[in-house]
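Here are the chains, one letter per residue:
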Amino acid sequence: MTDSSFLSDLPLAGDLISTNFDGWPEWLKTEFDEHAHDGEVGSRLLSENDRVRVWEIRLAPGERWHAHRHVLDYFWTAITAGRSRQHTFDGTVREVSYDAGETRHFHFGAGEYLLHSIENIGDTELIFSTVEHLDSANAPLPLTAGRK
């Protein structure tokens with residue numbers, strides 16, 4: 001998919017910092033290539049059943065979670081307040097501030113996805129819970145061995 005115009009309808013948070021891959025180091029471009037189909041949308045899979053996958057992301061200040069692909073309808077909730085920098089496959093960079101309890105919902109049509117990374121640029125640990133709906137328009141991406 002090269003058309004990313006549907007991203008404008010997604011509830012992407014934050015301030016747009018740059019576009020057109022401006023300032024992206026080569027290692028980051030390589031990471032996006034290597035993780036283009038990585039369905040591990042969190043650092044720890046907390047629960048999975050036939051309807052949902054529940055993930056946790058915990059990022060210490062300065063820590064980042066590598067590029068990963070969302071293909072399933074999902075929502076995230078910020079457990080803690082904080083700030084992040086997100087790189088997105090369309091070449092944009094956003095900086096985002098979160099309030100504890102803030103929640104955003106995402107819906108993807110067939111073939112649509114969001115490929116991005118997240119880095120904690122705040123002073124405190126950043127924690128999210130993400131819930132993916134397995135009955136979405138797209139099939140779930142396989143998880144690496146040991147996750148399931």
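In this text the structure is predicted, and so the values were computed from the model without any measurement.

Thresholds, definitions, all that
Residues numbered from 1 in each chain as written. Predicted model: local features only at pLDDT ≥ 70, side-chain atom pairs only at ≥ 80, totals over all residues. Heavy atoms only, no water. Helix = DSSP H or I, 4+ residues; strand = E, 2+ residues; numbered from the N terminus. Buried < 20%, exposed > 50% of the residue type's maximum accessible area, 1.4 Å probe, protein only. Contact = heavy atoms within 4.5 Å. Areas by Shrake-Rupley, 256 points an atom, 1.4 Å probe, with all protein chains shown as cover. Salt bridge = Lys/Arg side-chain N within 4 Å of Asp/Glu carboxyl O. Pairing = 2+ DSSP bridges. 1 Å grid on protein atoms, 1.4 Å probe; cavity = no way out; pocket = protein on both sides within 12 Å on 5 of 7 lines; lining within 4 Å. Points joined across faces, edges and corners; volume = space filled by probe spheres on them. Nonpolar A, V, L, I, M, F, W, Y, C, P; charged D, E, K, R; others polar. Axes fitted to C-alpha atoms, helices over the stretch in contact; angles between N-to-C directions.

**Q** Talk me through the overall build of the chain; I want residue IDs and the actual numbers.
**A** If you tally the helices and strands in the chain, you get one helix and ten strands. When its helices and strands are written in sequence order, the chain yields β-α-β-β-β-β-β-β-β-β-β. Buried residues in the chain amount to 49% of all 148 residues. The long-range share in the chain, meaning contacts at least 24 apart out of those at least 6 apart in sequence, stands at 81%. Element-wise, carbon and sulfur atoms account for 48% of the exposed surface of the chain, whose accessible area totals about 7500 Å².

**Q** How would you explain the pattern of salt bridges if you had to name every residue and give the values?
**A** Two side chains with opposite charge may pair up if their charged atoms get near one another. This model, assessed by the stated rule, comprises ten salt bridges. Across the pair Glu-31 and Arg-64 runs a salt bridge, and its minimum N-O distance is 2.7 Å. A residue pair is termed long-range when its members are at least 10 positions apart, and Glu-31 in helix H1 (residues 26-34) and Arg-64 in strand S4 (residues 64-70) qualify at 33 residues. Take Glu-31: its relative accessible area is 10%, and that puts it in the buried class. By relative accessible area, Arg-64 is classed as partly exposed at 23%. One salt bridge in this structure joins Arg-58 and Glu-56, with 3.1 Å as the shortest N-O distance. Connected through shared salt-bridge partners, Arg-44, Glu-56, Arg-58 and Glu-125 make up one network.

**Q** A description of the pairing of strand S9 (residues 114-120) should follow, citing residues and the corresponding values.
**A** In terms of residue burial, S9 counts as a mostly covered element, since seven of its seven residues are buried. Because side chains alternate across S9, one face comprises the buried residues Leu-114, His-116, Ile-118 and Asn-120, and the other comprises Leu-115, Ser-117 and Glu-119, equally buried. Summarising the sheet, strand S6 (residues 82-88) and S9 pair through five bridges and their orientation is antiparallel. Considered in S9, the bridge of His-87 is made with Ser-117.

**Q** If you had to explain empty space enclosed by the protein to someone new, which residues and values would you point to?
**A** Inspection of every chain in the model, using the stated rule, returns two cavities of 30 Å³ or more. Taken together, 20 residues line the largest cavity, and the ones lying closest to its centre are Tyr-74, Trp-76, Gln-86, Tyr-98 and His-116. Contributing elements (two or more residues each) for the lining of the largest cavity: S4, strand S5 (74-78), S6, strand S7 (93-98), S9 and strand S10 (126-133). Across the lining of the largest cavity, the residue classes tally to 13 nonpolar, six polar and one charged. Gly-39, Arg-53, Arg-69, His-70, Val-71, Leu-72, Glu-132, Pro-140 and Leu-141 are the residues that line the second largest cavity. Looking at the lining of the second largest cavity, its residues break down into four nonpolar, two polar and three charged.

**Q** Outline the sheet that holds S4, listing residues and values.
**A** Judged by pairing direction, the sheet is antiparallel, and its five strands sit side by side in the order S1-S7-S6-S9-S4 without closing on themselves. The strands lining the two open edges of the sheet, one partner per strand, are strand S1 (15-18) and S4. In this sheet, adjacent strand axes meet at a mean angle of 25° when their direction is disregarded. Packed on one face of the sheet, H1 meets S4, S6 and S9 and runs near 40° to S4.

**Q** Requested: an account of the pairing of S5, with residues and values cited.
**A** For S5, the tally of buried residues reaches four of five residues, placing the bulk of the element in the interior. As paired strands, S5 and strand S8 (residues 103-106) are joined by four bridges and run antiparallel to one another. Each residue of the ladder has a partner; that of Tyr-74, found in S8, is Phe-106. Direction of pairing for S5 relative to S10: antiparallel, over a ladder of five bridges.

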